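# Coordinates in review
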Amino acid sequence: MISDSPYESAELVLTPWQGIAAAAGGGVLMLLLLQLLALATAPAPADLLRQIGALVAPAGAAADVRLAAGALLHLAIAMVLGLLYALSQRLIPKRGLIGVSLLFGFVTWVVGSVILGRLWPAPLGAALRSWPWLAAHLAFGLVLGAVAVAQARRRRTQKRPLVRD
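## A few points about the overall build of the chain
Looking only at helices and strands, one finds 6 helices and 0 strands in the chain. Moving toward the C terminus, one meets the helices and strands of the chain in the order α-α-α-α-α-α. By the burial criterion, 36% of the 165 residues in the chain qualify as buried. Put simply, 75% of the contacts in the chain that link residues at least 6 apart link residues at least 24 apart.

Printed below as a string of structure tokens:
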């Protein structure tokens, strides 16, 4: 195939570990954003994490244990999604990386909140389908995109050929 593109599109933009690390940061940012938007949501994010944690924590676990279990489950899911992003995102122009990352955040919201959220108990599922959770998923995608853009920029500066006279 003949191409005059300056991008090596066969390369992944992030390593799997970079994707996992970026997604962990994105997952934390999601929780912080949800906490900031807590005035517009009911129940509060901590209550939602406790409800999620109750699904995986031992029966009768304390509220703090359920909160920690919910937060850890949230971060584990975020890291798996970051790994999937890293394994599928090729090196493309900056606008494309940001656009694909926003789409990735939107798709994770649709799949996780709208489709799978129907399997959760009613108050939890309804909260996951709310606009603050959509905003949090878009922020998650933006974090992945920003890390991808930074890594692509770093890679381009490292691979510049030497100009010889």
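Don't stop here, the text continues.
## Quick look at the packing of aromatic side chains
Overall, the coordinates contain 2 aromatic pairs when judged by the stated rule. Relative to Phe-104, the ring of Tyr-85 has its centre 5.4 Å away and its plane inclined at 65°; by these criteria the two rings are edge-to-face. With Tyr-85 in helix H3 (residues 63-88) and Phe-104 in helix H4 (residues 94-115), this pair connects stretches of sequence that are 19 residues apart. Owing to a relative accessible area of 1%, Tyr-85 belongs among the buried residues under this scheme. For the ring pair Phe-106 and Trp-109, a centre distance of 6.0 Å and an interplane angle of 40° mean the geometry is tilted. A residue pair is termed a helical-turn pair when its members lie 3 or 4 positions apart in one helix, as Phe-106 and Trp-109 do in helix H4 at 3 residues.

## Notes on the pattern of salt bridges
Across all of its chains, the model carries 1 salt bridge by this definition. Put simply, Arg-50 and Asp-47 hold a salt bridge, and the shortest N to O gap is 3.0 Å. Taken together, the positions of Arg-50 and Asp-47, both in helix H2 (residues 45-56) and 3 residues apart, correspond to about one turn of that helix. Look at Arg-50 and you get partly exposed, because its relative accessible area is 22%.

## Re the environment of Phe-106
Of the residues examined, Phe-106 reaches a relative accessible area of 36% and is grouped as partly exposed. Taking the C-alpha atoms as reference points, Phe-106 and Ala-139, 33 residues apart in sequence, are found 9.6 Å from one another.

## Details of helix H1 (residues 16-36)
Between the first and last C-alpha of H1 there are 30 Å, a value that for 21 residues agrees with the 30 Å anticipated at 1.5 Å per step. Within H1, the full set of buried residues consists of Gly-19, Ile-20, Ala-22, Ala-23, Gly-26, Gly-27, Met-30, Leu-31 and Leu-34.

## Describing a nonpolar patch on the surface
A cluster of nonpolar residues, Leu-103, Phe-106, Val-107, Val-111, Ile-115, Leu-116 and Leu-119, forms a patch on the protein surface that exposes about 650 Å² of accessible area. Counting through the fold element by element, Leu-103 comes out in helix H4.

## Observations concerning the side chain of His-137
Of note, His-137 is situated in helix H6 (residues 131-158). When residues no more than four places from it in sequence are discounted, the contact partners of His-137 are Met-30, Gly-105, Thr-108, Trp-109 and Ser-113.

## Looking at the nonpolar core
Counting residues in hydrophobic clusters, the biggest one holds 25 residues, and the most contacted among them are Val-13, Tyr-85, Leu-97, Trp-133, Phe-140 and Leu-144. Mapped by element, the contributors of at least two residues to this core are H1, H2, H3, H4, helix H5 (122-128) and H6. When residues of this core are assigned to their parent elements, the largest contribution, 7 residues, is made by H6. In contact with Trp-133, not counting residues within four places along its chain, are Met-30, Leu-34, Leu-48, Trp-109, Ala-127 and Leu-128.

Calculation notes
- Residues numbered from 1 in each chain as written.
- Predicted model: local features only at pLDDT ≥ 70, side-chain atom pairs only at ≥ 80, totals over all residues.
- Heavy atoms only, no water.
- Helix = DSSP H or I, 4+ residues; strand = E, 2+ residues; numbered from the N terminus.
- Buried < 20%, exposed > 50% of the residue type's maximum accessible area, 1.4 Å probe, protein only.
- Contact = heavy atoms within 4.5 Å.
- Phe/Tyr/Trp six-rings, centres within 6.5 Å; stacked < 30°, edge-to-face > 60°.
- Salt bridge = Lys/Arg side-chain N within 4 Å of Asp/Glu carboxyl O.
- Expected span 1.5 Å × (residues − 1).
- Patch = residues over 30% accessible without salt bridge, like charges linked within 9 Å, V, L, I, M, F, W, Y side chains within 5 Å.
- Areas by Shrake-Rupley, 256 points an atom, 1.4 Å probe, with all protein chains shown as cover.
- Core = buried A, V, L, I, M, F, W, Y, C linked by side-chain atoms within 4.5 Å.

Geometric descriptors of this kind do not, in isolation, establish any biological role.
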